[in-house]
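Below are the chains, spelled out letter by letter.
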Amino acid sequence: MGNESSETLRKLAAALGASGVGLGAFGAHALKGYLSKKPEGSNNWKTAVTYQLLHAVALLSLSCLEDGKPRKYQGESGWSGGKVMALGTVLFSGSIYLLTLDIGPKKMLGPMTPIGLMLMSGWALIGAGKI
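Criteria and cut-off values
- Residues numbered from 1 in each chain as written.
- Predicted model: local features only at pLDDT ≥ 70, side-chain atom pairs only at ≥ 80, totals over all residues.
- Heavy atoms only, no water.
- pLDDT = per-residue confidence, 0-100.
- Helix = DSSP H or I, 4+ residues; strand = E, 2+ residues; numbered from the N terminus.
- Contact = heavy atoms within 4.5 Å.
- Phe/Tyr/Trp six-rings, centres within 6.5 Å; stacked < 30°, edge-to-face > 60°.
- Buried < 20%, exposed > 50% of the residue type's maximum accessible area, 1.4 Å probe, protein only.
- Salt bridge = Lys/Arg side-chain N within 4 Å of Asp/Glu carboxyl O.
- Axes fitted to C-alpha atoms, helices over the stretch in contact; angles between N-to-C directions.
- Parallel < 35°, antiparallel > 145°, perpendicular 65-115°, else oblique.
- Left-handed = near helix turned anticlockwise from the far one by under 90°.
- Core = buried A, V, L, I, M, F, W, Y, C linked by side-chain atoms within 4.5 Å.

## Description of the confidence of the model for the protein
Now for step 1: In this model, the protein carries an average pLDDT of 86, and 84% of its residues clear a pLDDT of 70 or more.
Now for step 2: Per-element confidence in the protein is highest for helix H2 (residues 32-37), whose mean pLDDT is 96, and lowest for helix H5 (residues 106-112), whose mean pLDDT is 69.

Below is the structure:
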């Protein structure tokens, strides 16, 4: 039986993975014509999908590590590396999806894409043992 933290990471991984596959297929089929008309449209979409799927797999792996840790070694509740990584993935990939589709104000979304720093912060927290 998994602990609450591993369950949360597993659910986040599943949500990011399933939506990543769906968005990848959506970009490759339904948006193919639209994305091909935009400079770098297809590449930007693929970048967002790739980061989303890679981090979904990372979160799934973390859920297994967290599940196997003895209770005294589990991280405190709050913002763990996995949760920071999940939020960073949504913000990073999400801002690329929105920018590629010309949804939302570019002046707000453009600077939001460097939120990739949250992805790096998530990895750093994981390296520090805060899974």
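## Structural notes on the environment of Leu 31
Now for step 1: Following the sequence through the fold, Leu 31 ends up in the loop between helix H1 (4-28) and H2.
Now for step 2: Taking C-alpha positions, Leu 31 is 8.9 Å from Ser 42, a pair spaced eleven residues apart along the chain.
Now for step 3: The residues contacting Leu 31, other than those within four sequence positions of it, are Phe 26, Trp 45 and Leu 101.

## What to know about the packing of aromatic side chains
Now for step 1: Under the criterion given, the structure shown has two aromatic pairs.
Now for step 2: Where Trp 45 meets Tyr 97, the ring centres are 4.7 Å apart and the plane angle is 55°; that geometry is what we call tilted. Here Tyr 97 lies in helix H4 (residues 81-100) and Trp 45 lies in helix H3 (residues 41-68), a separation of 52 residues in the sequence.
Now for step 3: For Trp 45, a relative accessible area of 3% corresponds to the buried category.
Now for step 4: Owing to a relative accessible area of 8%, Tyr 97 belongs among the buried residues under this scheme.

## Structural notes on the pattern of salt bridges
Now for step 1: All told, the structure shown has two salt bridges when counted by the stated rule.
Now for step 2: One salt bridge connects Arg 10 with Glu 7, and the closest N-O pair in it is separated by 2.5 Å. Here Glu 7 and Arg 10 lie together in helix H1, a separation of three residues that amounts to about one turn.
Now for step 3: We classify Arg 10 as partly exposed; its relative accessible area is 37%.
Now for step 4: A relative accessible area of 28% places Glu 7 in the partly exposed class.
Now for step 5: One salt bridge in this structure joins Lys 38 and Asp 102, with 3.0 Å as the shortest N-O distance. You can see Lys 38 sitting in the loop between H2 and H3 and its partner Asp 102 sitting in the loop between H4 and H5, a full 64 residues away along the chain.
Now for step 6: Overall, the relative accessible area of 42% leaves Asp 102 in the partly exposed class.

## Considerations on the environment of Glu 4
Now for step 1: Its place among the elements puts Glu 4 in helix H1.
Now for step 2: Judged by relative accessible area, Glu 4 falls into the exposed class, the value being 68%.
Now for step 3: Here the alpha-carbon distance between Glu 4 and Ser 63, two residues 59 residues apart in the chain, equals 9.9 Å.

## Observations concerning the packing of H4 against helix H6 (residues 116-127)
Now for step 1: Packing of H4 against H6 leaves a shortest axis separation of 7 Å and a crossing angle of 165°. Here H4 lies roughly antiparallel to H6, going by the angle between them. Viewed along their axes, H4 and H6 form a crossing whose handedness is left-handed. Where H4 approaches H6, its residues Gly 81, Gly 82, Val 84, Met 85, Leu 87, Gly 88, Thr 89, Leu 91 and Phe 92 are matched on the opposing element by Gly 116, Met 118, Leu 119, Ser 121, Gly 122, Trp 123, Leu 125 and Ile 126.

## Remarks on the nonpolar core
Now for step 1: Ranked by size, the top nonpolar core spans 20 residues in total, and within it Leu 9, Leu 16, Trp 45, Leu 59, Leu 62, Met 85 and Tyr 97 carry the most contacts.
Now for step 2: Secondary-structure elements contributing two or more residues to this core are H1, H3, H4 and H6.
Now for step 3: Here the element with the most residues in this core is H3; it accounts for seven residues.
Now for step 4: Leaving out residues up to four positions away in the same chain, Met 85 has contacts with His 55, Ala 58, Leu 59, Leu 119, Gly 122, Trp 123 and Ile 126.

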